[in-house]
Amino acid sequence: MSHSLLSAEPGSTHLLLGNEAVVRGALEAGVGCVTCYPGTPSSEAPDTFFSLAPEADYYFEYSVNEKVALEVGGGAALGGVPALVTMKHVGVNVAADPLMSLAYIGTPGGLVLLSADDPGCHSSQNEQDNRYYARLAGLPCFEPASAQEAKDMTRDALLLSAKWEQPVLLRTTTRVNHLRGPVTFGPLRGAQTRGTFVKNPSRFVPLPAIARQRHPALLHNLSSIQEEIGQSSWTRHSGQGSQGIIASGISRAYLHDALADMDLQESFRILELGITYPFPEQAVLDLLHSVDSVLILEELEPMLEDQVRLVCQKHGLQVLVQGKDENLTQLGEYSTQSVRQALLRFQGQAPEEPDLCSTREGLPGRPPNLCPGCSHRSMYYAVRQVFGDTAIYSTDIGCYTLGFLPPLRAADFLFCMGSSVSGGSGMAQATGQPVVAYIGDSTFFHSGITGLINAIHNRHNLLLVVLDNSTTAMTGHQPHPGVDQTRHGPNPAQVDIEQVIRGCGVQEVSTVRPSNLKKTLDILKDYKEKDGVRVIIAKEPCVLFARRTLGRKNPQTAYVAEQTDDVRRCLEELACPAFYVQDGEIQIDENQCSGCMLCVQIAPSIKARKRS
Ligand code: SF4
Ligand code: SF4
């Protein structure tokens with residue numbers, strides 16, 4: 001039976017994750033091409049497209065990185081096909097190059113870029129506000145506040161994009177991507193998977209002379225879109241009074257909750273901005289003309305606030321503007337509670353004592369950790385045995401970043417996706433110390449290959465460990481070009497990582513199974529004595545992927561046969577979460593133990609037995 005996202009009747013209501021709602025919205029707009037690089041908090045959007053792909057008409061791909069995803073989507077949109085490209089906020093940094101040019105040349109079929117921002121760094125290395133990209137590139141920017149809006153805005157963004165032939169940014173935040181809410185469906189358009197490219201090099205080839213013409217064309221379009229936004233149902237006025245509130249994104253949801261809690265629904269004039277760029281100046285001006293003061297609610301950067309202050313200055317308005325302060329900061333997420341406090345301050349009242357739920361006292365801390373039996377742990381353990389603290393460890397983005405805490409201490413520095421190879425090269429060059437760089441298989445394809453080619457060409461001195469777990473583990477087991485199996489079956493076009501590395505010109509390449517400790521140590525010791533670029537591919541499937549997708553379960557488990565010093569040393573040096581201490585004795589939880597047998601190779605008092 002067809003999935004409800006593909007078949008449910010218009011008018012029916014469904015409880016959806018924000019990311020699933022994005023999928024339905026795109027289907028309602030007739031999306032014909034979906035590309036992505038998975039990244040939390042966006043991942044469930046492309047994963048849902050991937051799940052539906054066998055019974056749907058659109059073209060879908062997990063691209064090797066965000067730049068490639070946007071270029072594939074951009075090519076499709078130039079060919080007249082509506083395209084959705086999804087990524088997390090930092091991915092837009094990777095895709096920024098084509099993004100700037102696509103805004104100039106335009107996207108006749110319609111192209112929406114989903115940027116899932118992460119205020120509060122729940123799963124990210126920074127909390128950048130990608131509304132700046134809308135302004136930088138010149139993209140209309142939609143900001144949903146609920147699952148229903150995620151659906152409707154995705155549809156409207158694609159339609160607006162096709163109408164004006166301009167790419168559009170759909171800027172969500174973690175809270176919107178991961179909330180669940182009721183969504184009433186609209187009619188589906190059949191996927192438009194084939195289009196026609198109308199050749200027009202004087203538009204689509206932005207040589208300097210053409211780019212100079214396209215920039216004013218973009219500005220002209222934006223000015224027309226600005227007028228349209230002012231009239232759009234996504235720009236909403238409500239309420240009354242001499243105090244105004246302007247809110248965007250998820251802050252709108254917090255605002256409505258806070259107003260309802262405090263019974264203040266009719267106390268303020270409210271302007272809700274669903275589309276924040278181009279800035280709907282006239283709507284803001286209308287509000288400012290009718291109030292003495294205005295409170296701006298927006299997470300992260302004071303973009304609307306700055307714009308509102310500018311409008312006041314431009315029009316000589318004496319309106320008190322209240323925005324970022326010591327409570328409504330540029331850091332992290334807002335909440336109903338923080339907005340409630342802001343409303344009280346805005347009314348000149350003392351803030352109330354926050355009524356927050358708290359965690360129970362005395363709960364043990366739970367630092368980030370690799371799963372029991374994770375092959376990264378085996379490799380990190382082996383590398384530490386050989387290099388200890390003599391090497392500098394350059395790491396990258398993925399599950400393996402979780403190995404940074406003691407005792408593995410596998411990370412000394414990190415910049416971004418793919419940086420471990422090139423950053424490690426620079427570190428080795430600068431310090432003359434041995435550098436071990438770690439990179440995952442998906443990240444290797446994403447942006448590690450160029451760093452490796454650079455390292456070879458410039459004769460850097462680096463040991464690179466490719467932690468190949470046969471999937472993209474951290475974001476939910478998405479496939480990449482190197483996998484042999486996906487959820488939909490075998491991958492007939494597998495790209496061999498070792499062949500790629502050899503093709504880049506690396507002479508010293510070995511593939512090891514990190515759970516084979518002796519062989520892994522032998523190759524590490526050998527490579528430690530050599531210079532130049534050396535690569536070890538540590539190949540062993542992610543335990544969860546092996547169990548869930550490949551259907552593999554190890555029949556054995558480890559157990560502690562005798563309480564000896566080597567068992568304690570193993571616990572302290574390995575820190576496998578399957579170990580626990582009870583009544584002073586070290587034990588292994590059979591349910592947690594994956595049976596990787598690493599501890600058995602380290603401590604003679606730990607033995608293997610058949611799983612009970
Ligand atoms: S999900 Fe897989 S790769 Fe990630 S920590 Fe767990 S076992 Fe390791
Ligand atoms: S075999 Fe040992 S190291 Fe591997 S998961 Fe079990 S307890 Fe942990």
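Rules and cut-offs
- Residues numbered from 1 in each chain as written.
- Chains lettered and ligands numbered in written order.
- Predicted model: local features only at pLDDT ≥ 70, side-chain atom pairs only at ≥ 80, totals over all residues.
- Heavy atoms only, no water.
- Helix = DSSP H or I, 4+ residues; strand = E, 2+ residues; numbered from the N terminus.
- Rg over C-alpha atoms; globule rule 2.2 N^0.38 Å.
- Buried < 20%, exposed > 50% of the residue type's maximum accessible area, 1.4 Å probe, protein only.
- Contact = heavy atoms within 4.5 Å.
- Near = heavy atom within 4 Å.
- Nonpolar A, V, L, I, M, F, W, Y, C, P; charged D, E, K, R; others polar.
- Pairing = 2+ DSSP bridges.
- Axes fitted to C-alpha atoms, helices over the stretch in contact; angles between N-to-C directions.
- Phe/Tyr/Trp six-rings, centres within 6.5 Å; stacked < 30°, edge-to-face > 60°.
- Salt bridge = Lys/Arg side-chain N within 4 Å of Asp/Glu carboxyl O.
- Core = buried A, V, L, I, M, F, W, Y, C linked by side-chain atoms within 4.5 Å.
- Left-handed = near helix turned anticlockwise from the far one by under 90°.

### Examining the overall build of the protein chain
Here is step 1: Within the protein chain, the secondary structure is distributed over 22 helices and 25 strands.
Here is step 2: By the compact-globule yardstick of 25 Å for 612 residues, the protein chain fits well, its C-alpha radius of gyration being 27 Å.
Here is step 3: Viewed in the frame of its principal axes, the protein chain has a C-alpha envelope of about 80 × 65 × 55 Å.
Here is step 4: Of all 612 residues assigned to the protein chain, the portion counted as buried reaches 56%.
Here is step 5: Restricting the contact set of the protein chain to residue pairs at least 6 apart, pairs at least 24 apart contribute 77%.

### Focus: the site of ligand 2
Here is step 1: Of all residues adjacent to ligand 2, which total 13 residues, the nearest are C576, C593, C596, M597 and C599.
Here is step 2: Here the residues of the shell around ligand 2 are counted per class, giving 11 nonpolar, 2 polar and no charged.

### Focus: the sheet that holds strand 9 (residues 235-239)
Here is step 1: Read from one edge of the open sheet, 5 strands run 9-11-10-13-14, paired in mixed fashion. For this open sheet the edge positions go to strand 9 and strand 14 (320-322), each flanked by a neighbour on one side alone. Between one strand axis and the next, the sheet turns by 20 degrees as a mean value, whatever way the strands run.
Here is step 2: Along the sheet, helix 12 (residues 281-289) contacts strand 9, strand 10 (243-248), strand 11 (269-273) and strand 13 (293-297); its crossing angle with strand 11, the most-contacted strand, is approximately 170 degrees.
Here is step 3: Sheet strands in contact with helix 14 (residues 336-346) are strand 10, strand 13 and strand 14, and its direction is about 165 degrees off that of strand 13.

### Some points on the packing of aromatic side chains
Here is step 1: Summed over all chains, the structure comprises 10 aromatic pairs.
Here is step 2: Here Y380 and Y438 contribute two aromatic rings whose centre-to-centre distance is 4.6 Å and whose plane-to-plane angle is 75 degrees, an arrangement assigned as edge-to-face. Of this pair, Y380 sits in helix 15 (residues 375-387) while Y438 sits in strand 16 (residues 435-440), placing them 58 residues apart in sequence.
Here is step 3: Taking the relative accessible area as the measure of exposure, Y380 reaches 0% and is therefore buried.
Here is step 4: On the basis of relative accessible area, Y438 is assigned to the buried category, the value being 1%.

### So, the sheet that holds strand 20 (residues 508-512)
The pairing of strands in a sheet happens through backbone hydrogen bonds and is either parallel or antiparallel.
Here is step 1: Ordered by their spatial adjacency, 5 strands build an open sheet running 15-16-17-21-20, and the pairing between neighbours is parallel. Both edges of this open sheet fall to strand 15 (392-394) and strand 20, since each of them pairs with a single strand only. Taken over all neighbouring pairs, the strand axes of this sheet differ in orientation by 20 degrees on average, direction set aside.
Here is step 2: Judged from the 5 bridges that link them, strand 16 and strand 17 (residues 462-468) form a sheet pairing that is parallel. The residue of strand 17 that forms the bridge with Y438 is V465.
Here is step 3: On top of the sheet, helix 16 (residues 419-431) reaches strand 15, strand 16 and strand 17; it is set at about 175 degrees to strand 16, its chief contact.

### What to know about the pattern of salt bridges
Here is step 1: Per the stated rule, a full pass over the model turns up 33 salt bridges.
Here is step 2: A salt bridge links K518 to D522; the shortest N-O distance between them is 2.9 Å. Residue K518 and its partner D522 are both found in helix 19 (residues 517-528); the two are separated by 4 residues, about one turn of the helix.
Here is step 3: The salt bridge involving K530 is made with D526; its shortest N-O contact spans 3.4 Å.
Here is step 4: Each of R24, E28, K151, D152, R155 and D156 takes part in one network of salt bridges that share partners.

### A short note on the nonpolar core
Here is step 1: Core analysis: the biggest nonpolar cluster contains 66 residues, and Y438, L452, I501, V535 and I606 have the highest contact counts within it.
Here is step 2: With 7 residues, helix 15 is the largest single contributor of residues to this core.
Here is step 3: Here L452 is in contact with V421, F444, L464, I501, C504, V506, V533 and V535, once residues within four sequence places are set aside.
Here is step 4: One finds A21, L27, A56 and I275 within the second-largest nonpolar core, a separate group that totals 39 residues.

### Considerations on the environment of P201
Here is step 1: As for its position among the elements, P201 is in helix 9 (residues 201-204).
Here is step 2: It is 9.8 Å that separates the C-alpha atoms of P201 and I105, two residues lying 96 residues apart in sequence.

### Let's talk about the packing of helix 2 (residues 18-28) against helix 7 (residues 147-164)
Here is step 1: Two numbers describe how helix 2 lies on helix 7: the axes approach to 7 Å, and their chain directions differ by 35 degrees. For helix 2 against helix 7, the interelement crossing comes out right-handed. Mapping the contact onto sequence places G18, A21, V22, R24, G25, A26 and E28 in helix 2 and A147, A150, K151, T154, R155 and L158 in helix 7.
Here is step 2: In the contact of helix 2 with helix 7, the residues fall into 6 nonpolar, 3 polar and 4 charged.

Just geometry here; none of it tells us what the structure is for.
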